[in-house]
Structure formats: C-alpha cells, structure tokens
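Breakdown of the fold
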Amino acid sequence: MEVVGAVSVHVNGKAEIEDFNLSAVVQPEPLHPIVTADKGDKQNGREIVSGRNVHTTCLEVTEPEANDELTGDKDAYMASVLARYRENLMERTKYHLGYPFNLDFDYGGLGQLQHFSINNLGDPFIESNYGVHSRQFEVGVLDWFARLWEIEKNEYWGYITNCGTEGNLHGILVGREAFPNGVLYASRESHYSVFKAARMYRMDCEKVDCLISGEIDCADFKAKLLANKDKPAIINVNIGTTVKGAVDDLDLVIQTLEESGFSEDRFYIHCDGALFGLMMPFVKRAPKVTFKKAIGSVSVSGHKFVGCPMPCGVQITRMEHINALSRNVEYLASRDATIMGSRNGHAPIFLWYTLNRKGYKGFQKEVQKCLRNAHYLKDRLHDAGISSMLNELSSTVVFERPLDEEFVRRWQLACQGNIAHVVVMPSVTIEKLDDFLNELVEKRSTWYQDGEAQPPCIAADVGSENCACASHK
C-alpha cells in the first residue's frame, strides 16, 4: 500500500512509518495559469485567471485498509496531515493583510461544545422539535445588535446568517417582497453579492456611479431615480465598500429619495455593513446607522471585525416586513423566514462569547487601534513615495498594485485593476505593517530600477492628490 504524501508503506506485509513528505500534501498554492479570457473577463487590461476548477493541490480521500484498525496507519497519516496543515495555517496567517478577517481570538473555552451537532433550524424566536440548538444565544446576540442600531425588541426580527452575502441576499429579498416591481439601486463599488441578488431575484438593477472615494454619487443616483420614478426604489447603502472602505452618506441618500418624489412608503433601504457596520458606532463624528432613520434592514459579518473563526453574520430587519416571507414548516414545528434551512448553531455561541468578553468598550478600543494603525500605514506609504489613499472613516488603505504577483500572493493582497488594499484589523500590528512596508519598498526598488517599467498612475482610482506617479508627483 502506498498513500500519496503519506507516512506508511507495507514492506513484506509489515507496516512501517516513513518520514512525512510535506511537499506532497501541503504546498504553497502556485499562481493559477492564465487562461484565454472570454468577453468581459478583462479588467483594466488584466486577464482574469482561471477558477478553482484547476486542481493545483489535492489531498486524496482513500479507503482504509482491511487491517487498519490494528495497524493505525490511517490515523497516523491523517494526524500528520493535520499537523502539517496547522503549520501551514500558522505560516500563512503571518502574511494576512488584504482581507477583512480579525485573526486575534481565543475560543479555547468553547472546545467543550465541539462534540455536539448544534443546528438552529427555522425562526430564532420559535423553538422547533430539534432540541440541540443555541437559540438562546442567538437571540441574545440579536438583542445586542438591536440596541446598537437602536430598534426595540418588539419591533425587529433577525437571525444569524451563514455569511455576509446571506445577509445581503435576505435584506434585498425583504425589499423585493415589500415592493415586487421595485428597482434595485446600488453603487458600482457595492459588494458583488448585491448584483448576485439582482440576478437571483430577476430584479431590475441600476448601477450608480461613485465618487473617487468610492462613495455613491447621489447626483447620478437622483438622475436614475427620476428615470424610474413610476417604480418603487430598493437601495443598497454601503457602510464600507469592499475595495476602498467608502461609507455611503445615508442621510444624503434619504434626502435624495425625498427630493426625487419618493416618500417612505415607496422605498426600502438595506445597509450592507459587512465590516464597518460594527466599527462605525464607535467612530467619533461618524454618521449614525440607526433604525430611527428610514432604513429597512442592516447586515454585518461575524467573521470580520468580531473575529468569529467560521463565516457567519447578523441580519436585522423591521418586524413589519417579515410576515411576507415567513411560512409555517410543519416538519420543523416552527416558522421560517430565513434563506438557508439548517444554520450553524455554533456561530451564535462564538459571537455571544466575544460580545460578552469585549463589550462596547472593548470594541471601541479595537476600532481606535485599527484607525490609528491605518493612518500609520498610509503615512509610511506616502513617505516612501507610493500612491495611496485612506478614507476618513475607514481602516482600508488603498495603494498602487504591486508589480510582482508573487508578492501579492505572499501578503494575500486584494487587488482590482491597478490598485490593491490592506485592511487594518485588530490582529494587524505595527510590527506586521513594518515588515510589509520594508519588503514592499525593497521589492519596489528592483521592479522599477531599470526604468523600463514605471509605477502605475492610479489618479483615476484615488485622485490626483493621492497619486505619486511621474505625472502627479
């Protein structure tokens, strides 16, 4: 018997343990090969690389040998794979900067619950026949966010989603149910899940232009509203855009709707607060996201700023909107207005655990740290002559895209066109930022030393005042 990248072979019928071959099991993922781009598969002249259907690495699933219970070969192999995988995760975590995940957490106290299949089926507020659930934790978390966003317990409905995208899908679905012939409006820099929702629900969708900051352009928004003034409006408002961390001006969006002849009974606003929905309440002078304004729903991710180790999110809407979605499910002995059926019952416990440990004051300190470190990174990039931008209410630092894709992969940077970004989270320290900056400056000096290549002009993305290219220095 031979197992790929494994630890065991049979010699003369006897099992022996070999040295573990890491390269055959856990490898740094190579760059995906460039594929021929179909129409629409190019952005700013860059070809989109192939998807994950290319098997660059694969841990084969093999059948246990007949005598495996006696030899223990399979258990030894799997233990080795997991140990090496853990080493790989620890190494890759050191170079995690481009995606908004808080990796600073310790949930050791919850290990005792991992032996249970906890499933929150159906409505969080109506217990089903399935008794192994965590609804009491889920409702506690929802009440915490309801207080944060200023809506009374008897006026809201919500649930803990499986990810941020599900929150957007649900919020927009509630809007569509309230206004079946409504037009969805979203800025061009909205998260891709918003446009996915439009396709899934077969909704008319208007992409609204953005300002240089990434914030929605309310002049273009007004023009598009007036072009569709006979139909209700369903609006996605970004509380932090994906690439630039821009915050749409909620008050100006509402004012624009009113000036365009849309009364509150003719529009529905969903606020996508995936990352900044939890940060904004703790930023001084930041505009408030609150149900005291004319909004219909808010969603936030639990695995981003909160630091839950599995994808999850929180979605809260007004109780008055949910009856159009809710249905009795006899099989569950409950009602259901969620998008998914089974929901991870562990996620609410992790969220409850963190909210209790940190509280409002703890999150406030972490927000201040993130904003302070983001300004530090922006200033150092500027001092190094590297084009960069930081929105006022954001911890997302945008800068010129590194020339070397291996460098991009090493630091796990998120890129779009000629720009990349670092999202400064609570787990991102000054030391990590210094390591990144020092390596970037060193690499950059070799990328452009012969004069054949020049740093890109990103004035169109960040404004000429933030661009340090040859034309804008």
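Criteria and thresholds
- Residues numbered from 1 in each chain as written.
- Predicted model: local features only at pLDDT ≥ 70, side-chain atom pairs only at ≥ 80, totals over all residues.
- Heavy atoms only, no water.
- UniProt positions renumbered as here; feature names shortened; annotations may be inferred.
- Pairing = 2+ DSSP bridges.
- Helix = DSSP H or I, 4+ residues; strand = E, 2+ residues; numbered from the N terminus.
- Axes fitted to C-alpha atoms, helices over the stretch in contact; angles between N-to-C directions.
- Contact = heavy atoms within 4.5 Å.
- Patch = residues over 30% accessible without salt bridge, like charges linked within 9 Å, V, L, I, M, F, W, Y side chains within 5 Å.
- Areas by Shrake-Rupley, 256 points an atom, 1.4 Å probe, with all protein chains shown as cover.
- Salt bridge = Lys/Arg side-chain N within 4 Å of Asp/Glu carboxyl O.
- Buried < 20%, exposed > 50% of the residue type's maximum accessible area, 1.4 Å probe, protein only.
- Core = buried A, V, L, I, M, F, W, Y, C linked by side-chain atoms within 4.5 Å.
- Phe/Tyr/Trp six-rings, centres within 6.5 Å; stacked < 30°, edge-to-face > 60°.

An unreviewed UniProt entry lists the protein chain under the name Serine decarboxylase, with Salix suchowensis as the source organism. What UniProt records for the protein chain under Sequence similarities (unreviewed entry) is the sentence "Belongs to the group II decarboxylase family." Taken verbatim from the UniProt record of the protein chain, the Cofactor (unreviewed entry) comment is "pyridoxal 5'-phosphate".

**Here we look at the sheet that holds strand β9 (residues 267–272)**
Sheet architecture is open: seven strands sit in the order β5-β11-β10-β9-β8-β6-β7, paired in mixed fashion. Taken across any chain shown, the strands that pair with only one partner, and hence form the sheet edges, are β5 (156–161) and β7 (205–208). With direction set aside, neighbouring strand axes in the sheet form an average angle of 15 degrees. Where strand β6 (residues 183–187) lies against β7, four bridges are found, and the strand directions are parallel. Note on β7: the bridge partner recorded for L184 is C205. Against the sheet, helix α6 (residues 192–200) contacts β6, β7 and β8 (233–238), and its axis sits at roughly 165 degrees relative to β6.

**Regarding a nonpolar patch on the surface**
There is a patch of nonpolar side chains on the surface, built from Y99, F101, L103 and F105 and spanning about 320 Å² of accessible area. When you line up the elements, L103 lands in the loop between α3 (73–93) and α4 (135–148).

**A few points about the pattern of salt bridges**
Summed over all chains, the structure comprises 17 salt bridges. A salt bridge links E138 to R343, with the shortest nitrogen-to-oxygen separation between them at 2.6 Å. Of this pair, E138 sits in helix α4 while R343 sits in the loop between β13 (334–336) and α11 (346–383), and the two are 205 residues apart along the sequence. Just as E138 is buried, R343 falls in that class too. Note that E439 and R410 form a salt bridge whose closest N and O atoms lie 2.9 Å from each other. Remark: R410 occurs in helix α12 (residues 405–410) and E439 occurs in helix α13 (residues 430–447); sequence separation between them is 29 residues. Look at R410 and you get partly exposed, because its relative accessible area is 32%.

**Here's the deal with the nonpolar core**
Core analysis: the biggest nonpolar cluster contains 89 residues, and F145, F221, I235, L257, I269, L278 and F436 have the highest contact counts within it. Contacts of L278, omitting those with residues within four sequence positions, involve W144, F145, L148, G273, V300, F305, V306 and F363. Within the second largest apolar cluster, 20 residues are counted, among which are L184, A186, V194 and L325.

**Here we look at the packing of aromatic side chains**
This model, assessed by the stated rule, comprises 20 aromatic pairs. Measuring from centroid to centroid gives 6.4 Å for W447 and Y448, while their planes differ by 90 degrees, and the two rings are edge-to-face. Judged by its relative accessible area of 13%, Y448 falls in the buried class. Members of the aromatic cluster, connected to one another through ring pairs, are Y95, F399, F407, W411, F436, W447 and Y448.

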